[in-house]
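A structural walkthrough
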Amino acid sequence: MAERVFARKLSKAGFVAVEFFGHTGYGIDEISDYPLFTPNLIEVMRQTLSPSRQRHLAVAVIVRARKPALG
Amino acid sequence: MIRGLGHIAGETDLLHQQHIKAAVADAYQAIGTGAGEAVVARLYSEDERRLLPEGAVTWALGVGNPVRRAELRPGETVLDVGSGGGIDSILAANFVSPGGRVIGIDVIEEMLARARANAAAAGVGDSCEFLHGEMEAIPLPADSVDAVISNGVINLSPRKSRVLAELYRVLRPGGRLTMADLLVESELPLEVKTSDAAWAG
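What comes next is a walk through the structure. The structure displayed is predicted, hence computed values, not measured ones.

1. Considering the overall build of chain B
- Helix and strand content of chain B: nine helices and five strands.
- Going residue by residue from the N terminus, the α and β elements of chain B occur as α-α-α-α-β-α-β-α-β-β-α-β-α-α.
- With 201 residues in all, chain B has 52% of them scored as buried.
- Counting only contacts in chain B whose residues sit at least 6 apart along the sequence, the fraction spanning at least 24 positions is 74%.

2. Some thoughts on the packing of helix α1 (residues 3-13) of chain A against helix α7 (residues 160-170) of chain B
- Contact geometry for α1(A) and α7(B): axes closest at 9 Å, N-to-C directions at 45 degrees. One way to sum up the angle between α1(A) and α7(B) is to call them oblique. Handedness of the α1(A)/α7(B) crossing: right-handed. Facing α1(A), whose interface residues are Phe6(A), Lys9(A), Leu10(A) and Ala13(A), α7(B) presents Lys160(B), Ser161(B), Leu164(B), Ala165(B) and Tyr168(B).
- Among the residues forming the contact of α1(A) with α7(B), the class breakdown is six nonpolar, one polar and two charged.

3. Quick notes on the interface of chain A and chain B
- Across the boundary between the two partners, chain A contributes 40 residues, which contact 54 residues of chain B.
- Interface area, chain A with chain B, both sides summed: about 4000 Å², of which 65% is carbon and sulfur.
- Among the residues chain A hides against chain B, the three largest losses belong to Met1(A), Leu36(A) and Lys67(A). Together they make up 19% of the total.
- Applying the counting rule to chain A against chain B returns three salt bridges.
- With a closest N to O distance of 2.8 Å, Lys67(A) and Asp143(B) form a salt bridge.

4. As for the sheet that holds strand β4 (residues 145-151) of chain B
- A sheet is described by the order of its strands in space; here seven strands give the open sequence β1(A)-β2(A)-β5(B)-β4(B)-β1(B)-β2(B)-β3(B), paired in mixed fashion. Among the strands making up the open sheet, the edge pair consists of β1 (16-26) of chain A together with β3 (128-132) of chain B. Put simply, the sheet's adjacent strands are angled 15 degrees from each other on average, direction ignored.
- Where strand β1 (residues 77-81) of chain B and strand β2 (residues 101-106) of chain B come together, five bridges link them in parallel fashion.

5. A look at the pairing of β2(B)
Residue and element names in this part refer to chain B.
- Most of β2 sits inside the fold, with five of its six residues counted as buried.
- Following the chain from β1 across helix α5 (residues 87-96) to the adjacent parallel β2, one finds a crossover that is right-handed.
- Bridging between β2 and β3 involves five bridges; their strand directions are parallel. Residue pairing in the sheet places Ile103 in a bridge with Glu129 of β3.
- You can see the chain leave β2, run along helix α6 (residues 109-121) and come back into β3, and the turn it takes is right-handed.

Cut-off values and rules
Residue numbers here run from 1 along each chain, matching the order of that chain's written sequence. Chains carry letters from A onward and ligands carry numbers from 1 onward, assigned in written order. Whole-chain, interface and lining totals are the exception, using all residues; otherwise, since this is a predicted model, local features are given only for residues with pLDDT of at least 70 and side-chain atom pairs are given and counted only at 80 or more. Excluded from the side-chain calculations are hydrogens and water; all other atoms, namely the structure's heavy atoms, are used. Strands are runs of DSSP state E lasting at least two residues, helices are runs of H or I lasting at least four, and both sets are numbered from the N terminus onward. A 1.4 Å probe rolled over the protein chains alone gives each residue an accessible area, and that area as a share of the maximum for its type sets the label: buried under 20%, exposed over 50%, partly exposed in between. Every residue pair with non-hydrogen atoms within 4.5 Å of one another is taken to be in contact. As a rule, the C-alpha atoms of each element are fitted with a line to give its axis, helices using only the stretch in contact, and angles between N-to-C directions run from 0 to 180 degrees. When describing relative orientation, an angle under 35 degrees is termed roughly parallel and one over 145 degrees roughly antiparallel, while 65 to 115 degrees is termed roughly perpendicular and anything else oblique. Crossings are assigned a handedness: left-handed for a near helix turned anticlockwise from the far helix by less than a right angle, right-handed for a clockwise turn. Following the grouping adopted for this structure description, the nonpolar residues are Ala, Val, Leu, Ile, Met, Phe, Trp, Tyr, Cys and Pro, the charged ones are Asp, Glu, Lys and Arg, and the polar ones are all others, Gly among them. Buried surface area refers to the total accessible area, computed with a probe of radius 1.4 Å, that the two partners give up upon joining, counted for both partners together. Salt bridge, as applied in this entry: a Lys or Arg side-chain nitrogen positioned within 4 Å of an Asp or Glu carboxyl oxygen. Criterion used throughout: strands pair if DSSP finds at least two bridges between them. A right-handed crossover is one whose linking path, passing over the helix from the first strand to the second, runs clockwise when the strands point away from the viewer.

Written out as structure tokens, the structure is:
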């Protein structure tokens, strides 16, 4: 899911003051640290993605938002 | 006829969602360890690391450090969605004590047991409670928590709008959501997108 889509979902749920920060790129090297990404999936990614995409698969972000106060 | 097709499409979507939920749960139950020290060293400071027992480090599976940005205060009630091995619940408990508490929810019973043991080992067992529950149907009343934290979990749900509605429901007016997650800005190949492991990761 893209950032703009997630921001829209947060707003639709009622959240305000939505902010995204701390963007950190995740490539195959980073996700390989997580056992949930199986060796088979990592291999598929290496075979199907360009070298540059392999270095920038996803972005980790911190998202902050608030439920509006009463009144 | 159109209504009939729509009904079938709805059932197909529901089956797809159930398949994804089951695949994610299976993947988490199948792993024998978390991401461990490599990820903890990347996401947490030395001071934070010193608060964590080895079990919490071993089972770290997050992608960020939401507690650091959550502005937690003593006395607050915090919900940790997808608490896993308890790493962020333990850190949050240190901020909300004295007087506050952390409620972690997870769908994996083994993770709940690990989180309870790790919180006890960290000395914050009395201020942490870990409950079985889905993020799409959080087992807490409305307006009951001051802050929600989550780390690499919301993205696992095939019903993200439903999850966000639940987070909104349980937060008190003025309450804060602080979460870390992975976002993908451009399409991945079909072979990757349709992999159960990609959903679980």
